[in-house]
Amino acid sequence: MDCIPRNKFIRSLLLLSLLLSSAAFTLAQPEQPLRSIAYRLAMPRPVSHLFEVTMEVELPEDQLPKSIDFQMAKWSPGRYAVFDFAKNVQQFEALGGICPRGAQCKMPTFPVNRMDDQTWRVSTMNTHRLTIRYKVFGNDLSGTFSQLDSRHANYNGGSIFMYVVNHKPDPVRLEIDPPAGWHIVNGRMTSMDQREWQFPNWDILIDTPTEIAPDSTLDEFRVDGKLYRVMVHSFGDEGGKRAALVRDIEKIVRAETAMWGPPEFDSYTFLIHFAADDHSGDGMEHLTSTQIIEPGALGETGVSGDTLDTVAHEFFHVWNVKRLRPVELGPWDFTRPANTRGLWIAEGFTNYYGHLMMRRSSIWDDTRFFRTENQTVTGIENAPGSHLMSAEESSLLAPFLDDAPHAQQTNLANTSISYYPKGEVIGLVLDLLIRGKTNGKLSLDDVMRRMYDEFYLKSPNATYYLRGRGYTTEDFQRVASETSGFDLTDFFQRYVRGCEVLPYDDALAYVGMHLVREQAREPFNAGIGVDWEKPGTLTIGSVRNDSPAEDAGLQEGDEIISLGRKNVSRENWLVALARYKQGDRVPVTVKRDRRTIQTAIVLREPERFEYKIEERKNVTPTQKALRAAWLKGL
Ligand SMILES: [Zn+2]
Ligand SMILES: [Zn+2]
């Protein structure tokens, strides 16, 4: 019961901070919607990487404000680090009037004040019609950023479209002017030659990532009467694998819609890039589409499999996070980072189900599924941060963890865990506990469906943004307890809000399995993490707290020259270390700044373990049946 007043308190704090943060810019703003907001996107010079955005705004005649504020978001939904998209905006200007299409107009330039890092204030000068123009630089192939170059334009709307302050709820129009011969593809198109879109609000505009290219391909299939498009843009050799990729995507769609039922959209678009640059990689969920970027070429070994793994994750987000969502996830305040306790459900459970759906769609077999879960458990149980940070706290710290750039040194390698794998293992254990305790009658699938029903389908709309309302982690705890028929207070206290090791064996026993812990096969590293960004040197990227490396005084940034008086490289240092045993003193030479430092590592008992989910002896037919129902989604 403690959490009820606390939540009310948090909610009123949130409301207060929302009011305060917008107050500075709201006083002169009208409450009623503007008469119209229209965007035009042009890309006349792709080699410059400059998108050209025009906004035409018609103001209400009866309540004309003195000025109007335009703002660039600091981050965009689905990626929680703050990137400050305003840093790539240039040549912002405001003009009086709106010029009809095709006409030549001479419009007066209006005064613009830059109010802060993300806000431009335009004086209206008693005019009801304004045109805003700016350019925005984009040269990252990523679901979070945008790219314009001679190959294509690919954008995430949050990184290029400003909103009118206090008017995110207003309907908006978009017209795209592509280079000759380039096609426009997105998750809200009705035909291949469409140039104009209407969106109910700015949030949906930026939820519609778009690809514009001369040579992308489009495949289609239908499931339950819904149209699915697979757009592929390959910068490397496809090796004839595209048709098989599309067939496997259809298997994933079938497995996931079998769990949830037909989705509410009429069509959905997978926007997939094979970057063939060995570094661009991302997956980003949207209401009727996803952007997936693979660093390899489709024809290369393993790339198709990696893509499908991402597809299974992103498509699960159609329900979990895009529609069924934590209360803080939409509509958003883009002047500050988002804080939610629920990402271990929104992302972690999506990780769990993504992998389970790879099994249920028969793309993976049991062995492949368990290998993935073994890696996840091994990663979490070996992470020093898993003893210090709970699933809820990790969710709250997403702005520090989710691809966040760090100019300042941090100790996050020792103190944090990711809500992705932590949520995945919570999902695995909770699913099996519910299946076991209800003799297979119910599962986490039922909890998720009931959450979707209660919060998305059946709740009155809480905001302009989307159907239904968001949930709190207390809501999830209640629904999970009610659905499964047992009280989860203790489970949440210990494993979600606390840092205790999950009851893996209690859960796995129901399906005739258990968790086996073995000494890690990988060589002992004495607590040293390598900085792989510094090629050609063996530079320390992180030092594990309380490790032999820390005892020896080694630091991040030290370049290791020799171990045991022999010169070492990043390729052979682990082999060199493996020649020693527990208790040995290994002399180390490192370069730090302009000095050479001699020290010694005193080796201890290895601390890394490998975890494997294995079958128990004497498995009963009931346990086997429960396992089959779980893995096959029966
Ligand atoms: Zn492209
Ligand atoms: Zn995700």
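One can find the structure itself at the top, above this paragraph.
To start, this report covers the structure provided alongside it. These numbers were taken from a predicted model, which means no experiment stands behind them. (Residues numbered from 1 in each chain as written. Chains lettered and ligands numbered in written order. Predicted model: local features only at pLDDT ≥ 70, side-chain atom pairs only at ≥ 80, totals over all residues. Heavy atoms only, no water.)

With that settled, consider the overall build of the protein chain. In terms of helices and strands, the protein chain carries 17 helices and 28 strands. For 634 residues, the compact-globule estimate of 2.2 N^0.38 gives 26 Å, and the protein chain sits close to it at 27 Å. Structurally, the protein chain occupies a C-alpha span of about 80 × 65 × 60 Å along its principal axes. Counting every position in the protein chain, which comprises 634 residues, the buried fraction comes to 55%. Within the protein chain, contacts between residues at least 6 apart in sequence are counted, and of these 70% link residues at least 24 apart. Accessible surface, the protein chain as shown: approximately 27,600 Å² in total, 49% of it carbon and sulfur. (Helix = DSSP H or I, 4+ residues; strand = E, 2+ residues; numbered from the N terminus. Rg over C-alpha atoms; globule rule 2.2 N^0.38 Å. Buried < 20%, exposed > 50% of the residue type's maximum accessible area, 1.4 Å probe, protein only. Contact = heavy atoms within 4.5 Å. Areas by Shrake-Rupley, 256 points an atom, 1.4 Å probe, with all protein chains shown as cover.)

What follows covers the sheet that holds strand β5 (residues 109-110). Across the sheet, seven strands lie side by side as β5-β4-β8-β2-β1-β12-β14; this open sheet has mixed pairing. Looking along the sheet, the strands with just one partner apiece sit at the ends: β5 and β14 (196-199). With two bridges connecting them, strand β4 (residues 89-96) and β5 associate as antiparallel partners. Bridging across to β5, A94 finds its partner in F110. (Pairing = 2+ DSSP bridges.)

Right, let's talk about the packing of aromatic side chains for a bit. Scanning all chains against the criterion turns up 42 aromatic pairs. Relative to W202, the ring of Y163 lies with its centre 4.8 Å away and its plane at 70°, an arrangement referred to as edge-to-face. With Y163 in strand β11 (residues 163-164) and W202 in helix α2 (residues 202-205), this pair connects stretches of sequence that are 39 residues apart. Positioned over the ring face of Y163 is K168, at 4.6 Å from the centre of the ring. Above the plane of the ring of F486 lies K437, whose end atom (NZ or CZ) is 5.0 Å from the centre. (Phe/Tyr/Trp six-rings, centres within 6.5 Å; stacked < 30°, edge-to-face > 60°. Lys NZ or Arg CZ within 6 Å of the ring centre and 35° of its normal.)

Taken together, the protein donors to the zinc ion (ligand 1) comprise H152 (ND1), E211 (OE), E211 (OE), H233 (ND1) and H273 (NE2), at separations of 1.9 to 2.8 Å. Written as a sequence motif, the donor residues of the zinc ion (ligand 1) are H-x58-E-x21-H-x39-H. Within this pair, whereas H152 is found in the loop between β9 (147-148) and β10 (153-155), its partner E211 is found in strand β15 (residues 210-213), the two being separated by 59 residues in sequence. The two residues H152 and E211 agree in class, both being buried. (Donors = N, O, S within 2.8 Å, 3.2 Å for Na, K, Ca; no water.)

An order of β16-β17-β18-β20-β19 is seen for the five strands of this open sheet, with the pairing classed as mixed. Each edge of the open sheet carries a strand with a single partner, namely β16 (217-223) and β19 (282-285). Ignoring strand direction, the axes of neighbouring strands in this sheet form an average angle of 15°. Helix α4 (residues 303-316) rests against β17 (226-234), β18 (267-274), β19 and β20 (289-294) of the sheet, and its axis sits at about 155° to β20. (Axes fitted to C-alpha atoms, helices over the stretch in contact; angles between N-to-C directions.)

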